[in-house]
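# Coordinate inspection notes
What follows is the residue order along each chain.
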Amino acid sequence: MSKRRVPSPQWLLVLPALALLTVILLVPLGRSVGRSVGAPVWTFEHYKALFTDGVTLTVLGRTAATAAMVTVIALLLGYPYAYVMTRVGPRLRGLLMVIVLVPFWTSVMARNFAWILILQRNGPVDSFFQLFGLHVVLFESVSGVVVAMSQVLLPFMVLPLFSTLSSIDRRLLLAARGLGSHPVKAFWRIYWPLSRGGVVSGVILVFTLSLGFYVTPALLGSPQESLVAQLLGQRTTQLLDFEGASALGMLVLVVTLVLVAWANRVGGTISAIGAVATTRTEGRR
Amino acid sequence: MTAVLEKAPTRRERAVDAIPWWLKLLAGVVALYFVLPTLFVIPMSFSTATTFQFPPKGFSFHLYENFFTNPVWLDALRNSVVVALLASLLATVVGTAAALGLHNLQGRLARFARTLLMISIVTPAIVIAVAIYISFLQWQLVGTLAGYVLAHAAIGVPFVLVSVSSALGGFDPKLLRASASLGAPPVRTFLRVTAPLISRGIVTGAVFAFVTSFDEVVIALFLRSPALQTLPVQMYNSVTVEIDPTIAASSSVVVTAVTVTCLVLQFVGSRRKK
């Protein structure tokens, strides 16, 4: 055996944090895994049930569709915004960056309450459309959930996009224009492909984060059209089906981690989230 | 907005790659979308109404009065402050220690440990909440102060780790050797040399951990008990069960407090940098 290096005493400093994380996250999650395979008797029944009970698959499909809608909206709104950010002066860019971070500052419950106010029957949105003889009540519908979730997740689209778009050499566009290319064509052939890294990482990130939303669909969504997080909560606290809930939780967790790992490989998303996290107070970067 | 609507410059005047007006307009609309919810909560908090009707009727402070006198809201506020203080203290201590430890550690194991400590940031809160709830039931931590503090500290650790690590990035390790060679024991070196130099990172991390705990609602919903619940949970109840517009006042208080904290931190930070 080769000589074993003595662990550095530095590790002693890391231990308390690791201990906390172990007790609060790893052990409960590990026990979830255990429950989901039915310890003490080894079984995949609970996983099989997810795909055969007729409810879970429907809810999973609805959750994925909702997440996809949120992602598309975030991309359609986030891309132009990030683009404009790269093109304005430093002062205005600072302001636009602070505005991006407003959803991070806003308290979760305050924000959800605000969306109830905005989307409810006879609320501002409904009143506006009543002028045209229409009733638009997004409250207690999937659309309302999509609108509210897009607003919260938009920063996760804008921030990776902004960092990718700022690194694109605009002289390439000038060159294309100089050679007679139409601006739209120059955008599609040159700018868009160069921005793809940011697009992919923003898209994966927003989609992934959408999957786990609990409070927004619970408050703004329709009870008949629940999403996976509510199903998870319901199985745990109301049905006390800890095994089924554990299996479903593991499924959500695995899908999330795989997608996040992918996004991370594409665009260094984990560090991007870290940066986002710190910008919550630091304002701009 | 009016500038956007002015006559567009002629083709000759336009710079080669000026931002088209419709893009500016779109960016303006998106900017509005970002701040929209905040714009609704504060006017609502001065309403005289007893429902969620918007636009608010009349003008009064009665929602604030109710928030600061009703024992249900006051207790929830106090619980949240206590939990957030203890959780951020714990997260800051273990997170700072971990950042210091990992700063000079290299290799696979150190990278793994860092990832592990960051994992709660990307784990859906609902999955954590369900797993914690099931385990805490058995450990009899549901509805207890210790349960809230431990859970919230664990989700606060990544924020401390990130901000202290980034502060350590600009730290010159020669100072440690200088301090040691002058005879200072490690603890004194930390207190007199390291801590002051990374204090901004520690404070930032602590504030994050505090705000994260103070605002956390998903895990708190699962850990709540009739005897002990936090402010976001009471806000949740006020929407789902009670239809109590006092939530508008509490939202405004929370939003204002968080924004002021962030701005102060920003101000302190930018002054320190110069």
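Where an unreviewed UniProt entry is consulted, chain B appears under the name ABC transporter permease, with the organism given as Cryptosporangium phraense. Turning to chain B, the UniProt annotation filed under Sequence similarities (unreviewed entry) states: "Belongs to the binding-protein-dependent transport system permease family."

Helix and strand content of chain B: twelve helices and zero strands. Its helices and strands in sequence order give chain B the pattern α-α-α-α-α-α-α-α-α-α-α-α, from N to C terminus. Since a compact globule built from 274 residues should have a radius of gyration of about 19 Å, the 24 Å found for chain B marks it as more spread out than a globular shape. Taking the principal axes of the C-alpha coordinates as reference, chain B spans close to 70 × 70 × 30 Å. Here chain B holds 274 residues, and 51% of them are scored as buried.

In this section: the overall build of chain A. Helix and strand counts for chain A stand at 14 helices and zero strands. Overall, chain A shows an N-to-C arrangement of helices and strands of α-α-α-α-α-α-α-α-α-α-α-α-α-α. For chain A, the spread of C-alpha atoms along the three principal axes comes to 70 × 70 × 35 Å. Within the span of chain A, comprising 285 residues, buried residues form 52% of the whole. Sequence separation of at least 24 residues holds for 70% of the intrachain contacts in chain A that already meet a minimum separation of 6. Only carbon and sulfur atoms are counted for the fraction: they give 67% of the accessible area of chain A, which is about 13100 Å².

Residue and element names in this part refer to chain B. In the numbering used here, UniProt assigns the feature "transmembrane region" (unreviewed entry) to residues 21-46, 81-103, 115-136, 148-171, 202-227 and 247-268. Regarding residues 81-103, the helix share stands at 100% and the strand share at 0%, and the terminal C-alpha atoms are separated by 31 Å. In this annotation, residues 115-136 is assigned 91% helix and 0% strand; the end-to-end C-alpha distance for the span is 24 Å.

Per the UniProt annotation, the sites labelled "domain: ABC transmembrane type-1" (unreviewed entry) are residues 77-265 of chain B. The span residues 77-265 of chain B is 84% helical and 0% strand by assignment, and the distance between its end C-alpha atoms comes to 23 Å.

We now examine the interface of chain A and chain B. The partner chain B presents 87 residues to the 86 residues of chain A that form the contact. The contact between chain A and chain B buries some 7800 Å² in all, and 79% of this surface belongs to carbon and sulfur atoms. Among the elements that line the side of chain A that touches chain B, the one with the most residues is helix H1 (residues 10-36) of chain A, at 19 residues. Within the side of chain A that touches chain B, the residues separate by chemical class into 56 nonpolar, 21 polar and nine charged.

Another aspect to go through is the packing of aromatic side chains. Throughout the structure, instances matching the rule amount to 24 aromatic pairs over all chains. Note on Phe67(B) and Phe68(B): the rings are 4.9 Å apart at their centroids and 70 degrees apart in plane angle, and the pair reads as edge-to-face. You can call Phe68(B) partly exposed: its relative accessible area is 44%. Arranged with centres 5.8 Å apart and planes meeting at 10 degrees, the rings of Phe210(B) and Phe214(B) form a pair that is stacked. A residue pair is termed a helical-turn pair when its members lie 3 or 4 positions apart in one helix, as Phe210(B) and Phe214(B) do in helix H9 (residues 186-215) at four residues. Given a relative accessible area of 25%, Phe210(B) falls into the partly exposed group. Of the aromatic side chains, those joined through ring pairs into one cluster are Tyr79(A), Tyr83(A), Phe187(A), Trp188(A), Tyr191(A) and Trp192(A).

For the rest of this paragraph, the subject is the pattern of salt bridges. Residues and elements named next belong to chain A. One pass over the structure, following the stated rule, counts four salt bridges over all chains. Here Glu243 ties to Arg35 by a salt bridge, and the two come within 2.9 Å at their closest N and O atoms. With a gap of 208 residues between them, Glu243 in helix H13 (residues 242-267) and Arg35 in helix H1 connect regions that are remote in the sequence. Using a relative accessible area of 26% as the deciding quantity, one classes Glu243 as partly exposed. Taking the relative accessible area as the measure of exposure, Arg35 reaches 28% and is therefore partly exposed. Here Asp169 ties to Arg171 by a salt bridge, and the two come within 3.0 Å at their closest N and O atoms. Using a relative accessible area of 32% as the deciding quantity, one classes Asp169 as partly exposed.

Moving on: the packing of helix H4 (residues 90-105) of chain A against helix H7 (residues 142-166) of chain A. Residues and elements named next belong to chain A. Relative orientation of the contacting elements H4 and H7 amounts to 140 degrees, with a least axis distance of 7 Å. Considering the angle they form, H4 stands oblique to H7. For the pair H4 and H7, the sense of crossing is left-handed. Contacts from Arg93, Met97, Val100, Leu101, Pro103 and Phe104 in H4 reach Gln151, Val152, Pro155, Phe156, Val158, Leu159 and Phe162 in H7. Looking at the contact of H4 with H7 residue by residue, the class counts come to eleven nonpolar, one polar and one charged.

Our next topic: the packing of H4(A) against helix H2 (residues 21-44) of chain B. At a minimum axis separation of 9 Å, H4(A) and H2(B) run at an interaxial angle of 35 degrees. The hand of the H4(A)/H2(B) crossing is left-handed. Where H4(A) approaches H2(B), its residues Ile99(A), Val100(A), Val102(A) and Pro103(A) are matched on the opposing element by Ala31(B), Phe34(B), Val35(B) and Thr38(B). The residue inventory of the contact of H4(A) with H2(B), partitioned by class, reads seven nonpolar, one polar and no charged.

Take helix H11 (residues 231-242) of chain B next. All names here are of chain B. Here H11 contains twelve residues, and its C-alpha end-to-end distance of 15 Å is more than 12% below the 16 Å for a straight helix at 1.5 Å per residue. For H11, the tally of buried residues reaches nine of twelve residues, placing the bulk of the element in the interior. Within the sequence span of H11, burial applies to Leu231, Pro232, Val233, Gln234, Met235, Tyr236, Asn237, Ser238 and Val239.

Take the side chain of Gln120(A) next. Summarising the element assignment, Gln120(A) is placed in the loop between helix H5 (108-119) and helix H6 (124-130). For Gln120(A), a relative accessible area of 11% corresponds to the buried category. With residues near it in sequence (within four places) discarded, Gln120(A) still touches Asp126(A), Val137(A), Phe139(A), Phe52(B), Gln53(B) and Phe54(B).

We now examine H1(A). All names here are of chain A. Relative to the 39 Å expected for 27 residues at 1.5 Å per residue, H1 spans 37 Å between its end C-alpha atoms, a close match to the ideal helical length. If you look at H1, its biggest bend is around 45 degrees, right at Thr22. Burial in H1 covers these residues: Trp11, Val14, Ala17, Leu18, Leu20, Leu21, Ile24, Leu25, Pro28, Leu29, Ser32 and Ser36. Among the residues trailing H1, Gly38 stands out with phi positive, at a value near 75 degrees.

The rules behind these values
Residues numbered from 1 in each chain as written. Chains lettered and ligands numbered in written order. Predicted model: local features only at pLDDT ≥ 70, side-chain atom pairs only at ≥ 80, totals over all residues. Heavy atoms only, no water. UniProt positions renumbered as here; feature names shortened; annotations may be inferred. Helix = DSSP H or I, 4+ residues; strand = E, 2+ residues; numbered from the N terminus. Rg over C-alpha atoms; globule rule 2.2 N^0.38 Å. Buried < 20%, exposed > 50% of the residue type's maximum accessible area, 1.4 Å probe, protein only. Contact = heavy atoms within 4.5 Å. Areas by Shrake-Rupley, 256 points an atom, 1.4 Å probe, with all protein chains shown as cover. Buried area = accessible area lost by both parts, 1.4 Å probe. Nonpolar A, V, L, I, M, F, W, Y, C, P; charged D, E, K, R; others polar. Phe/Tyr/Trp six-rings, centres within 6.5 Å; stacked < 30°, edge-to-face > 60°. Salt bridge = Lys/Arg side-chain N within 4 Å of Asp/Glu carboxyl O. Axes fitted to C-alpha atoms, helices over the stretch in contact; angles between N-to-C directions. Parallel < 35°, antiparallel > 145°, perpendicular 65-115°, else oblique. Left-handed = near helix turned anticlockwise from the far one by under 90°. Expected span 1.5 Å × (residues − 1). Bend = angle between axes of the 7 residues up to and from the residue.

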